[in-house]
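# Tertiary structure, described
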Amino acid sequence: MQSQTNLTINDQRLWDTLMETAKIGATPKGGIKRLTVTDLDRQVRDWFKAQCEALGCTVTVDDMGNMYALRPGKRNDLPPIACGSHLDTQPTGGKFDGVLGVLSGLEVLRTLHDTGYETEAPFMVVNWTNEEGSRFAPAMLASGVYCGTLDKDMAYNLTDKDGIRFGDALAEIGYKGDAPCGAQKFSHFFELHIEQGPILEAEDKTIGVVTHGQGQRWYDCHVTGRESHAGTTPMPLRKDALVAAARVITAINDIAEASAPLAVGTVGVLDIREPSRNVIPGEVTFTAEFRHPEDAVLDVMDKALAEAGAKIARMENVDVEIKPIWHYPAVNFDPDCVAAVRQATEDMGYSYREIVSGAGHDACYVNRVTPTSMVFVPCKDGISHNEIEDAKMEHCAAGANVLLRAMLAVDQRVS
Ligand code: HGY
Ligand code: MN
Ligand code: MN
């Protein structure tokens, strides 16, 4: 039997599996549109379950749709050592965001199965529901419920733009399991993910040893003015909700710039109620988010946004509501898990650097209840949440090897 020191994954099989599953929700521009708890999500979940069961694993589903594929070890009294990520995508999603982490976990199971390697502790691969938070906000919804930060009933009652409830959509695809979300425990959790930023590629590093994750603040913004005739309403008498919204959006950008280079601010969704080219918009809604590695800076940005909103409301004679919907503090990953990733990377001889995650990940919530860390690999031009998202086969394989070796190293230490 192979020792754990020289086990490596099957690069081509991992790559082929990534390309194969990318067909489920494939878009003409080469990406994936596979929104959470849609039938496409069901299809990829069914596929994942069948692949894990073909390896002799048992797959359980909790009442938030999280999937847990369990491979027994010698000591099944021990909590599993777990890895995983998410299979749902953005509307303009790519082939790697989330998918790489779940399919690398599957590749770990396949490698152990092929070699007959028996681990001490059980191994587990997790597919977390609704990581993206696009169809139902906030993001990392099911891992947030798992760690006890988000409320399950709140989650079930979230609605998408068509008024469909998350709980109903989850049941509709047949993945509202019986097990209570949070009951499945692990001793450690590791998540492999593309960096989704430009640093690793720019520095020609194969691996990112992730030490921290930045904090986030998400807002729903609502500007109420007054619809009126575009031709007969003099400029000083207008209550133009879109002009006011534009000023708030510019303020969001300026607030982020003021705390650059680490701060970022984004408006991703904007909607005018009953838009018409010759009506002054009376009602505009839009989303906003800030991110930064330090919560204290996010507090300053939060305050600046509230002040800007109040000032613009007075200036434009409209009502500006800026409603915080998600407060997600900065993350410090578990030092022992970070060390396991670093050691595995050095053992494999890969180039690496330590890095802070700019994106949120399920691992960031799991870290609240389980020793956790992440492995990053580069993506082309640092682009993600875009159908052209791309990565190299050798980088995906390197990340999966680090994932395998880090988990095996932890397994060697279980008592
Ligand atoms: O928004 C995020 O950081 C993640 O990609 N859902
Ligand atoms: Mn992701
Ligand atoms: Mn994402």
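The text that follows walks through the structure, step by step, so that each part is easy to find. (Residues numbered from 1 in each chain as written. Chains lettered and ligands numbered in written order. Predicted model: local features only at pLDDT ≥ 70, side-chain atom pairs only at ≥ 80, totals over all residues. Heavy atoms only, no water.)

The next thing to look at is the overall build of the protein chain. Looking only at helices and strands, the protein chain features twelve helices and 16 strands. The C-alpha atoms of the protein chain give a radius of gyration of 23 Å, which matches the 22 Å a tight globule of 415 residues would have. In terms of its C-alpha atoms, the protein chain occupies a principal-axis envelope of roughly 85 × 45 × 40 Å. Out of the 415 residues in the protein chain, the part that is buried amounts to 54%. Sequence separation of at least 24 residues holds for 81% of the intrachain contacts in the protein chain that already meet a minimum separation of 6. Accessible surface computed for the protein chain: about 17,000 Å², of which carbon and sulfur atoms make up 51%. (Helix = DSSP H or I, 4+ residues; strand = E, 2+ residues; numbered from the N terminus. Rg over C-alpha atoms; globule rule 2.2 N^0.38 Å. Buried < 20%, exposed > 50% of the residue type's maximum accessible area, 1.4 Å probe, protein only. Contact = heavy atoms within 4.5 Å. Areas by Shrake-Rupley, 256 points an atom, 1.4 Å probe, with all protein chains shown as cover.)

What follows covers the coordination of the manganese ion (ligand 3). Only Asp 97 (OD), Glu 132 (OE), Glu 132 (OE) and His 385 (NE2) from the protein reach the manganese ion (ligand 3) as donors, at distances of 2.2 to 2.4 Å. In this model, the manganese ion (ligand 3) sits 3.4 Å from the manganese ion (ligand 2), the two metals being bridged by Asp 97. One end of the pair, Glu 132, is in the loop between strand 4 (123–127) and helix 4 (141–146); the other, His 385, is in the loop between strand 16 (372–377) and helix 12 (393–413), and 253 residues separate them in sequence. Taking relative accessible area as the criterion, Glu 132 reaches 6% and is therefore assigned buried. (Donors = N, O, S within 2.8 Å, 3.2 Å for Na, K, Ca; no water.)

Our focus in this paragraph is the coordination of the manganese ion (ligand 2). The coordination sphere of the manganese ion (ligand 2) contains the protein donors His 86 (NE2), Asp 97 (OD) and His 193 (NE2), at a distance range of 2.1 to 2.3 Å. Sequence spacing of the donors to the manganese ion (ligand 2): H-x10-D-x95-H.

On to the nonpolar core. Leu 18, Phe 48, Met 64, Phe 166, Phe 186 and Phe 190 are the most contacted members of the largest nonpolar core, which has 101 residues in total. Ranked by residue count, the leading element in this core is helix 12, at eleven residues. Dropping the residues within four chain positions of it, Met 64 is found in contact with Thr 129, Leu 141, Ala 142, Val 145, Lys 152, Ala 155, Tyr 156, Phe 166, Leu 170 and Cys 181. (Core = buried A, V, L, I, M, F, W, Y, C linked by side-chain atoms within 4.5 Å.)

Our next topic: the pattern of salt bridges. According to the stated counting rule, one finds 22 salt bridges in the structure shown. Residue Arg 13 pairs with Glu 107 through a salt bridge whose shortest N-O separation is 2.7 Å. Residue Arg 13 is located in helix 1 (residues 11–21), and its partner Glu 107 is located in helix 3 (residues 99–115); the two are separated by 94 residues in the primary sequence. A residue is classified by how much of its surface remains accessible, and Arg 13, at 22% relative accessible area, is partly exposed. (Salt bridge = Lys/Arg side-chain N within 4 Å of Asp/Glu carboxyl O.)

The next subject is the packing of helix 1 against helix 3. Across the interface, helix 1 lies against helix 3 with an axial gap of 10 Å and an inter-helix angle of 135°. Classified by the angle their axes make, helix 1 and helix 3 are oblique. Crossing hand, helix 1 versus helix 3: right-handed. Within the contact between the two elements, helix 1 uses Arg 13, Leu 14, Thr 17, Leu 18 and Thr 21 and helix 3 uses Val 99, Leu 100, Leu 103, Ser 104, Leu 106, Glu 107, Arg 110, Thr 111 and Asp 114. (Axes fitted to C-alpha atoms, helices over the stretch in contact; angles between N-to-C directions. Parallel < 35°, antiparallel > 145°, perpendicular 65-115°, else oblique. Left-handed = near helix turned anticlockwise from the far one by under 90°.)

With respect to the element layout, Gln 90 can be found in the loop between strand 3 (81–85) and helix 3. Judged by relative accessible area, Gln 90 falls into the buried class, the value being 15%. Within the structure, Gln 90 has its side chain in polar contact with the side chain of Glu 132 (distance 2.8 Å). In contact with Gln 90, not counting residues within four places along its chain, are Ile 32, Lys 33, Arg 34, Leu 35, Glu 132, Ser 134 and His 385. (Polar contact = N/O pair within 3.5 Å; in protein donor to acceptor, adjacent residues only side chain to side chain.)

Every residue near ligand 1 is listed here: Glu 131, Glu 132, Gln 216, Arg 291, Ala 359, Gly 360 and His 385. Contact distances for ligand 1 include 3.3 Å between a nitrogen atom and a side-chain N or O atom of Glu 132. One nitrogen or oxygen atom from the main chain of Gly 360 is found 2.7 Å from an oxygen atom belonging to ligand 1. In isolation ligand 1 exposes 210 Å². Once the protein is present, 95% of that is buried. Looking at the shell around ligand 1 residue by residue, the classes come out as one nonpolar, three polar and three charged. (Near = heavy atom within 4 Å. Nonpolar A, V, L, I, M, F, W, Y, C, P; charged D, E, K, R; others polar.)

The next subject is the packing of aromatic side chains. Scanning the model with the defined rule gives 14 aromatic pairs in all. Taking 5.5 Å as the distance between ring centres and 80° as the angle between the ring planes, the aromatic pair formed by Phe 136 and Phe 166 counts as edge-to-face. Of the two residues, Phe 136 sits in the loop between strand 4 and helix 4 while Phe 166 sits in helix 6 (residues 166–172), which places them 30 residues apart along the sequence. Residues Phe 136 and Phe 166 agree in their burial class; the two are buried. Note on Trp 218 and Trp 326: the rings are 4.7 Å apart at their centroids and 80° apart in plane angle, and the pair reads as edge-to-face. In this pair, Trp 218 is assigned in strand 7 (residues 215–224) and Trp 326 in strand 13 (residues 319–328), connecting sequence segments 108 residues apart. Residue Trp 326 is classed as buried on the basis of its relative accessible area, which comes to 5%. Among the aromatic residues, those joined into a ring-pair cluster are Tyr 68, Trp 128, Tyr 146, Phe 186 and Phe 189. Here the guanidinium or amino end of Arg 45 rests over the ring plane of Tyr 175, the centre of that ring lying 5.0 Å away. (Phe/Tyr/Trp six-rings, centres within 6.5 Å; stacked < 30°, edge-to-face > 60°. Lys NZ or Arg CZ within 6 Å of the ring centre and 35° of its normal.)

Looking now at the pairing of strand 1 (residues 58–61). Consecutive side chains along a regular strand alternate between the two faces of the sheet. Only one face of strand 1 is buried, namely the one carrying Val 59 and Val 61, since none of Thr 58 and Thr 60 on the opposite face is buried. Note that strand 1 and strand 2 (residues 67–71) share four bridges and pair antiparallel. Across the sheet, Thr 60 pairs through a bridge with Tyr 68, a residue of strand 2. Linkage of strand 1 to strand 2, two consecutive antiparallel strands, is achieved through a turn of five residues, within which Gly 65 is found at a positive phi near 85°. (Pairing = 2+ DSSP bridges.)

All quantities given are derived from atomic positions and should not be read as evidence of function.
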